[in-house]
Amino acid sequence: MTLVLNTLESSDCSEQIKKILAGKDEEIEIINTADLKITHCMGCNMCWLKTPGVCAIKDDYEIILQKIVKAENLWVVTDTKFGFVDYRGKRVLDRIVPMLNMYIEFRDGWERHQLRYHPLNFGVIYKGNGNRELLEKWSIRVARNMAGKSLGVIALDAPQTNANGNVAKTAMGTATETATETAAPHPQHIVIFNGSPRIKKNSNTNKIIQAFTEGLESAGITHELYSLSNHTEWDEARDAFMTNDNIIIALPLFVECLPSLLLEFLSTLPTERKQPAKLSFILHSGFDEGHQLRLGEKFLQTLPSQLGCTCGGVLVKGGSFLLRMRDNNYIKKVTDKILASYTKMGHSFALNGNFSTPEARKFTGPEKNPKIGVLLFNLIFKRIVKKNFERIANEWGCTRPLNDKPYLTQQR
Ligand SMILES: Cc1cc2nc3c(=O)[nH]c(=O)nc-3n(C[C@H](O)[C@H](O)[C@H](O)COP(=O)(O)O)c2cc1C
């Protein structure tokens, strides 16, 4: 079965979608998500550790999840913004996490979460000025996470061209150009945004920001912080974004790119700035392999010019999921080291004004786990990690196995 999630707001293009997919599958179901209530994934982890496979958000996504469980192929029809899928398209993907379970394994040579059900193929049908190369790479990465293959990327309409026949530029800069990083003067005051949808007290990004700003403070730099998980801060946050000249957005990788919540915030910003600003990023992720963050990094590098800013670079590091578990003594020790390294990078940013230094590039660590690391994981650590996840689930009051398949049980 092929499931199509049409996230376009205005038009019902069911006939057009059917034409595009004609001959690809006999059974195609199209769901228009504009008619449904679907909110952003808030990263609460309940679907992995408390009610395995069941999302804590009680909105219309549960119907979709039950259909995805029956599907072999998943297409998302989406508008584009900043050259990538818009927040509505990304939102239905961020919510797909219950299709995986918490257990970790190496699949096709990379760290992955185990499938809760079966492999899923994935493709994108997009409208507007999408950066095709970026979308193709993203589709491949998403499909691989689900142990499936990419169904490809299809433009719903011809790219918008100007009078000369060139692809139209977005409001500011093009969605495909990567900004050159600027050697900026030393900052005095920095506005920092936590782009995670997870509430501040549970957010790993927040812990990273706390450590980073200790480094800024040690060099006499002041800062102010806005957490996008708190919607009531958005008006003030927008104002701070538009009126400050040194901005850092810190964010977790969510389904291979930016969280849908952050995409929504960015798409609500005015397109023209009164004065220039430098925009830098701290991008971190659950898995520790640097390579897993590179697509997100590439996309972030295109954002400053589209928001009327220069680019101060992207600080990239994986392995942050452990920060959530700092009440365990051993994990606290390990993560103290991680946080201390962010404090060092804060001091370095205060001195250099950007993340373009060799030190910042080295900060990512290995792109891929060495073969010996994979072997040791499979022989020893896999079981220890599994036990630890089960211990946490137990503490969270979980009564089901972590690899439970709730929607299959219901079908039987
Ligand atoms: C919906 C969702 C999607 C995620 N996708 C990825 C991913 O594609 N790759 C990865 O390495 N980690 C992924 N993570 C893990 C987060 O990047 C990581 O746990 C991070 O530390 C969360 O930071 P926060 O607590 O500030 O949200 C994902 C987490 C969630 C909740």
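If you're wondering where the values come from, they're calculated on a predicted model, not measured in any experiment.

Topic: the nonpolar core
Phase 1 of the analysis: One finds Phe 281, Leu 283 and Leu 315 to be the most contacted residues of the largest nonpolar core, which totals 94 residues.
Phase 2 of the analysis: Here this core gathers at least three residues from each of two domains, domain 1 (1–104 + 113–168 + 371–412) and domain 2 (189–362).
Phase 3 of the analysis: With residues near it in sequence (within four places) discarded, Phe 281 still touches Ile 248, Ile 249, Leu 251, Leu 300, Val 314 and Leu 315.

Examining the domain arrangement of the chain
Phase 1 of the analysis: In terms of domain boundaries, the chain breaks down into domain 1 (1–104 + 113–168 + 371–412) and domain 2 (189–362).
Phase 2 of the analysis: Taking only C-alpha atoms into account, the centre of domain 1 sits 25 Å from that of domain 2.
Phase 3 of the analysis: Counting from both sides, the interface comprises 20 residues of domain 1 and, opposite them, 20 residues of domain 2.
Phase 4 of the analysis: Of all the elements in the fold, those that place two or more residues in the side of domain 1 that touches domain 2 are α4 (87–94) and α5 (132–145).
Phase 5 of the analysis: In terms of residue class, the side of domain 1 that touches domain 2 is built from 10 nonpolar, 3 polar and 7 charged.

Thoughts on the environment of Leu 65
Phase 1 of the analysis: As for its placement among the helices and strands, Leu 65 is situated in helix α3 (residues 61–70).
Phase 2 of the analysis: Sequence-wise, Leu 65 and Val 97 are 32 residues apart; in three dimensions their C-alpha atoms are separated by 9.8 Å.

Notes on the site of the ligand
Phase 1 of the analysis: Around the ligand there are 22 residues in total, and Ser 196, Thr 205, Pro 252, Ser 285 and Gly 286 lie nearest to it.
Phase 2 of the analysis: Split by residue class, the shell around the ligand holds 8 nonpolar, 11 polar and 3 charged.
Phase 3 of the analysis: Of the domains in this structure, domain 1 (1–104 + 113–168 + 371–412) and domain 2 (189–362) are the two that each give at least three residues to the shell around the ligand.

Digging into the pairing of strand β12 (residues 278–284)
Phase 1 of the analysis: Of all 7 residues making up β12, 7 are buried, and the element is well covered by its neighbours.
Phase 2 of the analysis: Residues Lys 278, Ser 280, Ile 282 and His 284 line one face of β12 and the alternating positions Leu 279, Phe 281 and Leu 283 line the opposite face, and both faces are buried.
Phase 3 of the analysis: Pairing of strand β11 (residues 246–252) with β12 involves 7 bridges; the strand directions are parallel. Along β12, the bridge assignment pairs Asn 246 with Lys 278.
Phase 4 of the analysis: Remark: the β11/helix α8 (residues 260–267)/β12 crossover connection has right-handed handedness.

Cut-offs used in this document
- Residues numbered from 1 in each chain as written.
- Predicted model: local features only at pLDDT ≥ 70, side-chain atom pairs only at ≥ 80, totals over all residues.
- Core = buried A, V, L, I, M, F, W, Y, C linked by C-beta atoms within 7 Å.
- Buried ≥ 20, exposed ≤ 12 C-beta atoms within 10 Å, placed from the backbone.
- Domains from an automatic or database assignment.
- Contact = placed C-beta atoms within 7 Å.
- Helix = DSSP H or I, 4+ residues; strand = E, 2+ residues; numbered from the N terminus.
- Nonpolar A, V, L, I, M, F, W, Y, C, P; charged D, E, K, R; others polar.
- Near = placed C-beta within 6 Å.
- Pairing = 2+ DSSP bridges.
- Right-handed = clockwise from strand over helix to strand, strands pointing away.

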